Amino acid sequence: MSTRQVVVVGAGGHAVSVAESILAAGYELVAFTSDDLSTPVLLGRPVLVEVPQDHVDSGGLVVVAVGDNASRERVWGVVSSRVPFEQLPTIVHPSATVSALASVGPGTVILQGAVVGSAARVGAACLLNSGSILEHEGTMADFSSLAPGSVTGGRVTIGWGSAIGIGAVVRHGVSIGRDTVIGSASYVHEDVPDGVVAYGTPARVVRQRQHGDPYLG
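Since we're looking at a predicted model, the values are computed, not measured. (Residues numbered from 1 in each chain as written. Predicted model: local features only at pLDDT ≥ 70, side-chain atom pairs only at ≥ 80, totals over all residues. Heavy atoms only, no water.)

### What about the overall build of the protein chain?
Phase 1: In terms of helices and strands, the protein chain carries three helices and 24 strands.
Phase 2: Its C-alpha atoms give the protein chain principal-axis dimensions of about 50 × 35 × 25 Å.
Phase 3: Counting all 217 residues of the protein chain, 48% fall into the buried class.
Phase 4: Considering only contacts within the protein chain whose residues lie at least 6 apart along the sequence, 26% involve residues at least 24 apart.
Phase 5: For the protein chain, the exposed area adds up to about 9,500 Å²; of that, 55% sits on carbon and sulfur atoms. (Helix = DSSP H or I, 4+ residues; strand = E, 2+ residues; numbered from the N terminus. Buried < 20%, exposed > 50% of the residue type's maximum accessible area, 1.4 Å probe, protein only. Contact = heavy atoms within 4.5 Å. Areas by Shrake-Rupley, 256 points an atom, 1.4 Å probe, with all protein chains shown as cover.)

### Remarks on the environment of Val64
Phase 1: Within the fold, Val64 resides in strand S5 (residues 61–64).
Phase 2: Assessed through its relative accessible area of 6%, Val64 is described here as buried.
Phase 3: Sequence spacing of Val64 and Val47 is 17 residues, and the spatial spacing of their C-alpha atoms is 14 Å.
Phase 4: In contact with Val64, other than residues within four places in its own chain, are Val9, Arg72, Val75, Trp76 and Val79.

### Considerations on empty space enclosed by the protein
Phase 1: With the rule as written, the count across this model stands at one cavity of 30 Å³ or more.
Phase 2: Taken as a whole, the largest cavity holds about 40 Å³ of empty space.
Phase 3: Along its surface, the largest cavity is lined by Asp68, Asn69, Ala70, Gly161, Asp179, Arg209, His211, Gly212, Asp213 and Tyr215.
Phase 4: Residues belonging to the lining of the largest cavity are distributed by class as follows: two nonpolar, four polar and four charged. (1 Å grid on protein atoms, 1.4 Å probe; cavity = no way out; pocket = protein on both sides within 12 Å on 5 of 7 lines; lining within 4 Å. Points joined across faces, edges and corners; volume = space filled by probe spheres on them. Nonpolar A, V, L, I, M, F, W, Y, C, P; charged D, E, K, R; others polar.)

### A look at the nonpolar core
Phase 1: Formed by 25 residues in total, the largest nonpolar core has its most connected members in Leu128, Met140, Ile164, Ile176, Ile182 and Val188.
Phase 2: Leaving out residues up to four positions away in the same chain, Val188 has contacts with Val169, Val170, Arg171, Val174, Ile176, Ile182 and Ala203. (Core = buried A, V, L, I, M, F, W, Y, C linked by side-chain atoms within 4.5 Å.)

### Notes on the side chain of Thr108
Phase 1: Turning to its location among the elements, Thr108 is positioned in the loop between strand S8 (103–104) and strand S9 (109–110).
Phase 2: Apart from the residues lying within four places of it in its own chain, the contact partners of Thr108 are Pro89, Thr90, Ile91, Val122, Gly123, Ala124, Ala125, Cys126 and Leu128.

### Quick word on the pairing of strand S24 (residues 204–208)
Phase 1: As paired strands, strand S23 (residues 196–199) and S24 are joined by four bridges and run antiparallel to one another. Paired with Val197 across the bridge in S24 is Arg207.
Phase 2: In sequence, S23 turns back onto S24 through a hairpin of four residues, with Gly200 there showing a positive phi of about 115°. (Pairing = 2+ DSSP bridges.)

Below is the structure:
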């Protein structure tokens, strides 16, 4: 069987990380897409305005590589309206560990050294960055993310579009609400509601946030 070709939607720093996982997983990376064509070539591949229709028609794969959760949700909505779900693969770096008892949705990207534990459930277009851990029976709703080195205990629930920051630790059994951000290096020992930013050790809610508010610098 021939190697499946992939076009990556996105051409920023996160797309570079995702590209490495695509290549390591044995796919052929053929192009990136971006609204900004000031850099016409990335990693030796052309940067295009959009995914070519002939790539879609021929069964080519498309991977959305956008780091910000709300932006990824928006882009995913556009891409999935024209690309069949079977052409929106889950990308798992070979060094990652995904339990055979876990479930992972379409479009999710699992980078180097990440771990998805037994009976964990990961939704669509989620992001598990390098070295992150979703422990046993944990749940990540669609468009949520774990930053590099973040760790959750067992049976943690992460809501739709929520982001767990670099090196944060979430105690077992804790629930993180929808559209919530947990700051880097925080320790979360109790439930956190929808639509807030929380950080510290232990983490405390410091302000409200709306869907789509930026959180990546």
